[in-house]
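# Structural overview for review
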Amino acid sequence: MTERDPSVTTSGETTGAECPYCGSENTEREHPRGPSRCQSIHYCNDCLQQFKKFE
């Protein structure tokens, strides 16, 4: 039995995470999983910063 890689799942929110740098919600999720299962990687379209969101 082959286990599915959890880093490719797409469940959860994809937009609207508040940017910790500028406070904007004009963000998008770049990858559903970050370094651990409780994090996702987002990108701010206003200040152009990448950040991790804890879920």
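This text follows the structure it describes.
Residues numbered from 1 in each chain as written. Predicted model: local features only at pLDDT ≥ 70, side-chain atom pairs only at ≥ 80, totals over all residues. Heavy atoms only, no water.

With that settled, consider the sheet that holds strand β1 (residues 27-31). The strand order β1-β2-β3 describes an open sheet built from three strands, whose pairing is antiparallel. The open sheet is flanked by β1 and β3 (50-54), the only strands paired with a single partner. Averaged over all neighbouring strand pairs, the angle between strand axes comes to 45 degrees, with direction disregarded. (Pairing = 2+ DSSP bridges. Helix = DSSP H or I, 4+ residues; strand = E, 2+ residues; numbered from the N terminus. Axes fitted to C-alpha atoms, helices over the stretch in contact; angles between N-to-C directions.)

As for its placement among the helices and strands, Glu28 is situated in strand β1. The exposure class assigned to Glu28 is partly exposed, which follows from its relative accessible area of 39%. When the C-alpha positions of Glu28 and Gly16 are compared, they lie 6.9 Å apart, and in sequence the two are 12 residues distant. Polar contacts involving the side chain of Glu28 include one to the side chain of Asn45, which spans 3.3 Å. (Buried < 20%, exposed > 50% of the residue type's maximum accessible area, 1.4 Å probe, protein only. Polar contact = N/O pair within 3.5 Å; in protein donor to acceptor, adjacent residues only side chain to side chain.)

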